[in-house]
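# Results of the structural survey
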Amino acid sequence: MPLAERFTHRVILKVSKIEKVEQHPGGEFLYILTLNTGDEEPRQIVSSIVKFYKPEELLGKNIVLVYNLKPANFRGVRSNGMLLAASDPNTSEDTCEVIFAPQFQPGTILEPEGYPVPEDVAEMCFVKADKFAEMGLCTKDGFVLLDGKKIGSDGKFLSVEKYKDGKVK
């Protein structure tokens, strides 16, 4: 089975709007983000992007959420997912470019080009962070790719400005 097909049946990438940004009380490099995922209830994630973004640069922006990532606790705060960010593969320094998705509405599920959203998406199990990392998302020529296929929906695709040929984490 091709990697893109396995990805489609294991990972849910959902566009989510950042509605609240708070400094984590127990972690100086952590934000607590409250997201509108298109669901009835908001979702909370913890992200280590404080040194790269000010709250006002994030608030109101659409991001890409690994929606079915296994929940984890970060210094006592539960995180229900992970945002996608690109990084520079040519440096040992910590780099981060949040992958914004202004062209999509909150709740949009993104897939590799040529693959439909699976009908059983509501029943999909959690994916572990290490298994997600093994999928090998990257950026090439400014687009977010998996197995050479652009990630998006309805003929629109995710893109980046800074790390046009990098890793996605």
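In case you missed it, the structure is sitting above this.
The model shown is predicted, which means the values in this text are computed figures rather than measured ones.

## Section: the packing of aromatic side chains
Within this structure, the stated rule accounts for one aromatic pair. Seen from their ring centres, Tyr53 and Phe100 are 6.0 Å apart, and the 85 degrees between their planes marks the pair as edge-to-face. Of this pair, Tyr53 sits in the loop between strand 3 (43-47) and helix 2 (55-58) while Phe100 sits in the loop between strand 9 (97-98) and strand 10 (109-112); the two residues are 47 residues apart in sequence, bridging distant segments of the chain. Given a relative accessible area of 12%, Tyr53 falls into the buried group. Over the ring of Phe143 we find Lys150; its NZ or CZ atom is 4.0 Å from the centre of that ring.

## Considerations on the nonpolar core
Formed by 26 residues in total, the largest nonpolar core has its most connected members in Leu13, Leu84, Phe132, Leu137 and Leu158. For this core, the element with the highest residue contribution is helix 1 (residues 3-10), accounting for three residues. In contact with Leu158, other than residues within four places in its own chain, are Val64, Ile99, Phe100, Ala101, Gln103, Phe104, Leu110, Gly142, Phe143, Val144 and Ile151. By size, the runner-up hydrophobic cluster in this structure holds 21 residues, among which are Tyr31, Leu33, Leu65 and Ile109.

## Brief notes about the pairing of strand 1 (residues 13-23)
Direction of pairing for strand 1 relative to strand 10: antiparallel, over a ladder of two bridges. Following the sheet pairing, Lys14 is matched in strand 10 by Ile109. In this sheet, strand 4 (residues 62-66) lies alongside strand 1 in antiparallel orientation, the contact comprising five bridges. In the sheet register, Leu13 faces strand 4, and the bridge partner there is Val66. Of the pairings in the sheet, the one linking strand 1 to strand 2 (residues 31-36) comprises six bridges and is antiparallel in character. Note on strand 2: the bridge partner recorded for Gln23 is Tyr31.

## What about the pattern of salt bridges?
As enumerated under the stated definition, the model contains four salt bridges in all. Across the pair Asp39 and Lys14 runs a salt bridge, and its minimum N-O distance is 3.0 Å. With a gap of 25 residues between them, Asp39 in the loop between strand 2 and strand 3 and Lys14 in strand 1 connect regions that are remote in the sequence. Assessed through its relative accessible area of 30%, Asp39 is described here as partly exposed. What makes Lys14 buried here is its relative accessible area of 8%. When the shortest N-O distance is used, the salt bridge between Lys51 and Asp94 registers 3.7 Å. On the criterion of sequence distance, the pair formed by Lys51 in the loop between strand 3 and helix 2 and Asp94 in the loop between strand 8 (85-87) and strand 9 is long-range, its members being 43 residues apart. Each of Lys51, Asp94 and Lys169 takes part in one network of salt bridges that share partners.

## Regarding the environment of Pro112
Relative to the assigned elements, Pro112 resides in strand 10. On a C-alpha basis, the gap between Pro112 and Ser153 in space is 8.3 Å, while along the polypeptide they are 41 residues apart.

## Concerning the pairing of strand 10
Across a regular strand the side chains alternate sides, sitting on one face of the sheet and then on the other. In terms of strand pairing, strand 10 meets strand 13 (residues 149-153) through two bridges, oriented antiparallel. In the sheet register, Glu111 faces strand 13, and the bridge partner there is Gly152.

## Quick look at helix 1
Taken together, the buried positions of helix 1 are occupied by Leu3, Ala4, Phe7 and Thr8. Down the axis of helix 1, the sector holding all buried residues measures 140 degrees, keeping them to one side.

## Let's talk about unusual backbone geometry
The backbone of Asp141 shows a phi angle near 50 degrees, a positive value even though the residue is not glycine. Of note, Asp141 is situated in the loop between strand 11 (138-140) and strand 12 (143-146). Phi is positive for Asp154, which is not a glycine, with a value near 50 degrees. Mapped onto the elements, Asp154 comes out in the loop between strand 13 and strand 14 (156-157). The exposed category is assigned to Asp154, whose relative accessible area is 74%.

Definitions and cut-offs
What you see as residue numbers is a count from 1 along each chain, following the sequence as written. Local features in a predicted model are, by the rule used here, given only for residues with pLDDT of at least 70; side-chain atom pairs are given and counted only at 80 or more, and totals for whole chains, interfaces and linings are based on all residues. Derived side-chain values reflect all non-hydrogen atoms in the structure, with water molecules and hydrogen atoms excluded from consideration. Stacked, tilted and edge-to-face are the three classes assigned to paired rings of Phe, Tyr and Trp, where Trp is represented by its six-membered ring and a pair needs centres within 6.5 Å; plane angles under 30 degrees give stacked, over 60 edge-to-face, the rest tilted. Secondary structure is summarised from DSSP: a helix means a run of H or I of at least four residues, a strand means a run of E of at least two, and numbering begins at the N terminus for each. Residue exposure (1.4 Å probe, protein chains only): buried if accessible area is under 20% of the type maximum, exposed if over 50%, otherwise partly exposed. Either the NZ atom of lysine or the CZ atom of arginine qualifies as a charge over a ring when it sits within 6 Å of the ring centre and within 35 degrees of the ring normal. We define a nonpolar core as any set of buried Ala, Val, Leu, Ile, Met, Phe, Trp, Tyr and Cys residues linked to one another through side-chain atoms lying within 4.5 Å. Whether two residues are in contact is decided by their heavy atoms, any of which lying within 4.5 Å being enough. Strand pairing requires that DSSP identify at least two bridges connecting the strands. Salt bridge criterion: a side-chain nitrogen from Lys or Arg within 4 Å of a carboxyl oxygen from Asp or Glu. Relevant arc is that of directions from the helix axis to the C-beta atoms, nothing else.

Functional significance is not addressed by these values, which are geometric in nature.
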